[in-house]
Amino acid sequence: MMRRLLAKLLLMFVSLIVALALAEFALRWISRGGLPVKDPYLGTVMTPGGDWDANSFRNPRVLKQADIVAIGDSQTMGWNAAREEAWPLVLGSLASASVYEMALAGYGPVQYAHLTDRALQLQPKVVIFGFYFGNDIYDAKLMAYESDAWKDLRDPNYKDIKTGSDDPDKIIALVNQAGTQPMSLSASSYAARHWIRKNSKLYVLLGDATRSLRRMLGIAPSTENSQQYVQEFANQHPELAYVYDKASPLTTTLSPSYRLVAVDLRNPATQEGWRITQGRLLAIKKILESANVPFAILLIPTKEKIYLEYMNSRNEKIPDSFFDYKAREDEAMAKVEQFCAANGMRCPSALQPMVDALTQGIRIYDATIDGHPQAPGYRVIAQHVHRYLIEEKLLSASRSVAPQ
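Structure report, in brief. (Residues numbered from 1 in each chain as written. Predicted model: local features only at pLDDT ≥ 70, side-chain atom pairs only at ≥ 80, totals over all residues. Heavy atoms only, no water.)

## Considerations on the overall build of the chain
When helices and strands are tallied, the chain shows 15 helices and eight strands. Sequence-distant contacts in the chain: of pairs separated by 6 or more residues, those separated by 24 or more amount to 71%. Of the roughly 20500 Å² that the chain leaves accessible, carbon and sulfur atoms contribute 57%. (Helix = DSSP H or I, 4+ residues; strand = E, 2+ residues; numbered from the N terminus. Contact = heavy atoms within 4.5 Å. Areas by Shrake-Rupley, 256 points an atom, 1.4 Å probe, with all protein chains shown as cover.)

## A short note on the pattern of salt bridges
What the rule picks out here adds up to 19 salt bridges. Across the pair D330 and K326 runs a salt bridge whose closest N-O atoms are separated by 3.0 Å. Highlighted residues: D330 and K326, both in helix 13 (residues 323–342), separated by four residues, approximately one helical turn. For K326, a relative accessible area of 18% translates into the label buried. Taken together, the salt bridges that share partners define one network made up of D264, R266, D324, R328 and E331. (Salt bridge = Lys/Arg side-chain N within 4 Å of Asp/Glu carboxyl O. Buried < 20%, exposed > 50% of the residue type's maximum accessible area, 1.4 Å probe, protein only.)

## Regarding the state of the cysteines
A full pass over the atoms with the stated rule returns one disulfide. The side chain of C340 participates in a disulfide bridge whose partner is C347; the two sulfur atoms lie 2.0 Å from each other. Its torsion about the S-S bond being -75 degrees, the disulfide of C340 and C347 is classed as left-handed. The class for C340 is buried, based on a relative accessible area of 3%. For C347, a relative accessible area of 17% puts it in the buried group. (Disulfide = S-S within 2.5 Å.)

## Overview of the packing of helix 12 (residues 303–313) against helix 14 (residues 351–359)
Relative orientation and spacing of two packed helices are given, respectively, by the angle between their axes and the distance between those axes. Between helix 12 and helix 14, whose axes approach to 9 Å, the crossing angle comes to 60 degrees. Considering their axes alone, helix 12 and helix 14 lie oblique with respect to each other. Note on packing geometry: the crossing formed by helix 12 with helix 14 is right-handed. Contacts between helix 12 and helix 14 pair K305, I306, Y307, E309 and Y310 from the former with L351, M354, V355, L358 and T359 from the latter. By residue class, the composition of the contact of helix 12 with helix 14 is seven nonpolar, one polar and two charged. (Axes fitted to C-alpha atoms, helices over the stretch in contact; angles between N-to-C directions. Parallel < 35°, antiparallel > 145°, perpendicular 65-115°, else oblique. Left-handed = near helix turned anticlockwise from the far one by under 90°. Nonpolar A, V, L, I, M, F, W, Y, C, P; charged D, E, K, R; others polar.)

## Considerations on the side chain of D136
If you trace the backbone, D136 turns up in helix 5 (residues 136–146). Lacking a salt bridge, the buried D136 has R259 as its closest oppositely charged neighbour, with an N-O distance of 9.0 Å. Engagement of the side chain of D136 in a polar contact is seen with the backbone nitrogen of Y132, the distance being 3.0 Å. Discounting chain neighbours no more than four positions away, the residues touching D136 are D73, Y107, G108, P109, Y112, G130, F131 and T277. (Lys, Arg positive; Asp, Glu negative; His and termini not counted. Polar contact = N/O pair within 3.5 Å; in protein donor to acceptor, adjacent residues only side chain to side chain.)

## Overview of the sheet that holds strand 3 (residues 68–72)
Taken in spatial order, the four strands of this open sheet run 4-3-5-8, and their pairing is parallel. Edge strands, defined here as strands with exactly one partner in the open sheet, are strand 4 (99–103) and strand 8 (295–300). Strand-to-strand twist of the sheet, defined as the mean angle between neighbouring strand axes without regard to direction, takes the value 20 degrees. Here strand 3 runs beside strand 5 (residues 126–132); their pairing, made up of four bridges, is parallel. Bridging from a neighbouring strand, I71 pairs with F129 of strand 5. Each of strand 3, strand 4, strand 5 and strand 8 is contacted by helix 3 (residues 87–95), which is oriented at about 170 degrees to strand 4, the strand it contacts most. (Pairing = 2+ DSSP bridges.)

If you want it as structure tokens, here you go:
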């Protein structure tokens with residue numbers, strides 16, 4: 001009797017495993033697009049399907065010709081928003097122009113220069129590069145030193161200096177997303193669930209479908225509980241997190257540590273990234289000027305910089321933990337703008353339009369630490385680029401529609 005019962009239980013267990021495996025396989029087959037694969041020149045590309053076109057970019061379709069080509073990273077790809085809400089596609093709608101986006105999270109100046117020749121195949125009237133201060137300079141160094149395809153960009157005298165083992169990025173992500181402290185049992189549980197979510201489409205489907213129910217039953221933390229925990233953590237660790245809540249529609253979480261290395265030109269790795277970045281921007285200029293195609297480098301500041309400028313405009317006290325961060329990003333922005341001016345490059349900045357949007361009470365970021373805009377933020381960027389293209393006579397006003 002006991003043996004028969006154990007056999008039945010074992011059969012049920014094996015059947016369940018097989019059913020889950022088949023469901024996972026089916027989901028992967030149905031939604032097989034959008035999976036990252038390695039590429040020697042770009043680092044990562046996405047498999048076609050879903051949001052991703054046959055060229056592995058996030059467009060509704062592949063174009064043979066495009067009036068505007070937008071090249072960039074996740075800030076240009078439209079992370080945190082639907083594909084049609086990314087600023088390049090919104091720009092196309094505003095300008096009644098065809099736009100093709102070549103962007104992916106993790107890309108930087110090395111990839112931008114590599115993609116420029118591909119952009120020219122679309123015979124664009126203008127090419128726009130989204131240059132994000134939050135990681136582009138640092139990403140140039142990473143790509144040059146992690147991919148042998150770009151070893152010629154390396155400085156033989158450069159020596160990589162490893163910093164401390166505590167990664168503020170990971171610490172804040174744990175606190176903000178999981179409502180837990182590093183090295184705790186709940187943190188280990190979150191890490192395990194995060195790994196499963198990253199590798200299982202079935203887990204993602206079930207998790208997303210039951211999130212509201214789990215929150216109602218108290219199994220999963222509510223948004224309010226998570227935000228309260230972040231506030232408590234920020235009070236204890238002001239050097240890692242700061243919750244801006246002086247205007248409730250604009251509540252968000254900022255960090256002086258989250259992006260500091262990436263904007264600090266005193267850091268050897270960032271210095272090396274800036275050296276490589278200058279060379280890549282000059283390469284872009286040479287390629288496009290040879291083809292007689294105008295271009296613009298859209299400067300996208302970090303969320304921290306945007307909020308600090310907003311706070312300044314309202315005469316609000318800047319937290320002491322942000323003084324060094326503000327000075328470092330200010331210096332980086334000044335360096336890039338000086339480089340652009342010295343080399344005759346158009347480099348419009350999205351800083352003031354984003355600050356103005358906050359002043360108008362527009363929620364352009366969510367309440368978390370995430371530095372990517374929401375759809376309204378991408379629309380602000382698109383409107384700014386649209387106006388700039390018309391003012392610079394890079395886009396005919398007669399072919400455009402008024403910004404909303």
